[in-house]
Amino acid sequence: MSGKVDLSVDFCGVKFINPFMLSSSPVSNSAEMVARAFEAGWGGVAYKTIVTDRIPIIHPSPRMHGYHYGDKRLVGLQNVEQTSDRGLKANLLDIMYLKKHYPKHVVMASIMGFSNQEWYDLAKAVTDAGADMIELNFSCPHMTVEGSGAKVGQVQELVQKFTETARKASNLPLVAKMTPNITDMNEPAMYAKMGGADGISAINTVRGISEIGLDDWVPRPNVYGKGAISGYSGPAVKPIGLRFIAEMALNEELGLPLSGIGGIETWIDALEYFLVGATTIQVTTGIIHYGYRIVEDMIEGLSDYMVSRGISRVEELVGKALPHLVETDEFDLESQGITNYDLDRCVGCGQCYIVCNDSAGQALEWDEENRRPRLIEDKCLSCMVCSFVCPVEGLITYKPMPKGWKRQETVTLGKELESQLKL
Ligand SMILES: Cc1cc2nc3c(=O)[nH]c(=O)nc-3n(C[C@H](O)[C@H](O)[C@H](O)COP(=O)(O)O)c2cc1C
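Residues numbered from 1 in each chain as written. Predicted model: local features only at pLDDT ≥ 70, side-chain atom pairs only at ≥ 80, totals over all residues.

Undergrad: So, the overall build of the protein: which residues are in play, and what are the values?
TA: Helix and strand counts for the protein stand at twelve helices and 18 strands. Nonlocal contacts in the protein, meaning residues at least 24 apart in sequence, comprise 71% of its contacts between residues at least 6 apart. (Helix = DSSP H or I, 4+ residues; strand = E, 2+ residues; numbered from the N terminus. Contact = placed C-beta atoms within 7 Å.)

Laid out in structure tokens, this is it:
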């Protein structure tokens, strides 16, 4: 319980004190780190992906690149990090430690085998070490070991086979972590379900190139003169994560609990994932940017929101956006609107006029003397781009027009060529 609301959730039959988890990555690399995160308020962890000791894991150096946009730092993070490079024994001891000292917190061990036998051995080992659940990492997009990571997540049969193998080795809830580097996540998710998965987590990082050095022409991170198409994460990938969670939540045949990941930094981001169908959420880049303490704001912000909406349990929020999510051909096209200008607050910058002229309907005239726009209603496309560039929040709003209202068709330049038109 947090104040007046109950933040606890049930995910795949496991009780969480709150739905906020570290995702599998450097932020969940050791028991020492995870213990500090639990103390800070996180309810659970997807522990950094564990592998067997058969193939030594060597991280490229440097392994990450921070992508900045203008003044805003770390809008995205590019990484070529591999799975855990710590020994299997050290990781298993860390899981045992965490379960001994934090019995009320959830430890989900993330594993990746490089053969069927390894999936079995790892699932058994983390179960014996006392993990509460297992995340099957089918989704790292840049593993240097052949046949691993996202390559598995793109081959349905392997997703099913390795899930079945883990199922044989363990009775713990299995969560398949999916790659966004595909068209339809429901397909591999269904195969994971057939293999015995109890839940799905998504997304892992998006394959991309965020930046190229202008001096050396090397995609970042620059690993001794070479770059790679690799994993991109952070705020920029949130729309992609929300989309995949929503699509799986809408799939009644799948019907598995979902853990949402991708670009979560605030309680609002987390809430949006709950609204499209996630029961828990996981975070990496937000923690890399701001530290474990962001969970305090998540707990407080979500609790306040729930109180203000009269909602007592997080689970009441799960999937609440889905009834409002339709295919675009279900939109009501009879209803149209235009923009509405509160000109008393206008600062006369003229940005609305420029954007309307160059990328919309040329629906604004510019009164140079008073430095104010004047709207020609018939020409307004209601695209709202003027409101996106206006520096005064809330000055330009959307105004619904009476049902049946239509814009007049306008010919711009070509009128004198009408007689030559063959139609
Ligand atoms: C440096 C780095 C290392 C990661 N390592 C793993 C990993 O070992 N296993 C895994 O399942 N996901 C790994 N991820 C993916 C994250 O767990 C997460 O799915 C992704 O970063 C999207 O979430 P975010 O936008 O909050 O970072 C890693 C991400 C980063 C940035």
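Having seen the model, we can carry on.
Undergrad: Quick one: what's the story with the site of the ligand, residue by residue and with numbers?
TA: Taken together, the neighbourhood of the ligand is formed by 29 residues, with S23, S25, S233, T284 and T285 sitting nearest. Breaking the shell around the ligand down by element, the ones donating at least two residues are β4 (44–50), β6 (72–79), β12 (230–233) and α9 (285–290). Of the residues that constitute the shell around the ligand, the class distribution is eight nonpolar, 18 polar and three charged. (Near = placed C-beta within 6 Å. Nonpolar A, V, L, I, M, F, W, Y, C, P; charged D, E, K, R; others polar.)

Undergrad: Would you mind going over the domain arrangement of the protein in detail, with residue names and values included?
TA: Domain assignment breaks the protein into domain 1 (9–324) and domain 2 (332–407). When each unit is reduced to the centre of its C-alpha atoms, the spacing between domain 1 and domain 2 is 42 Å. (Domains from an automatic or database assignment.)

Undergrad: I'd love a proper account of the sheet that holds strand β5 (residues 64–69), names of residues and values included.
TA: With antiparallel pairing, the four strands of this open sheet are ordered in space as β5-β6-β12-β11. Each end of this open sheet is capped by a strand with a single partner; those strands are β5 and β11 (206–208). For this sheet, the mean angle separating the axes of adjacent strands, direction not counted, is 40 degrees. When β11 meets β12, the two strands line up antiparallel, connected through three bridges. (Pairing = 2+ DSSP bridges. Axes fitted to C-alpha atoms, helices over the stretch in contact; angles between N-to-C directions.)

Undergrad: Give a description of the packing of helix α5 (residues 156–169) against helix α6 (residues 186–195) that names residues and reports values.
TA: Running from N to C, α5 and α6 cross one another at 30 degrees; their axes reach a closest spacing of 7 Å. Regarding the angle of α5 to α6, the classification is roughly parallel. With respect to the hand of their crossing, α5 and α6 are arranged in right-handed fashion. Only E187, P188, Y191, A192, M194 and G195 of α6 make contact with α5, whose side of the interface consists of Q156, V159, Q160, K161, T163, E164 and R167. Across the contact of α5 with α6, the residue classes break down as five nonpolar, four polar and four charged. (Parallel < 35°, antiparallel > 145°, perpendicular 65-115°, else oblique. Left-handed = near helix turned anticlockwise from the far one by under 90°.)

Undergrad: So what's going on with the packing of helix α8 (residues 267–275) against helix α10 (residues 294–309)? Residues and values would help.
TA: At a minimum axis separation of 8 Å, α8 and α10 run at an interaxial angle of 60 degrees. When the axis of α8 is compared with that of α10, the two are oblique. By crossing handedness, the relation of α8 to α10 is classed as right-handed. For the pair α8 and α10, the contacting residues are W267, A270 and L271 in the first and D297, M298, G301, L302 and Y305 in the second. Looking at side-chain class alone, the contact of α8 with α10 contains six nonpolar, one polar and one charged residues.

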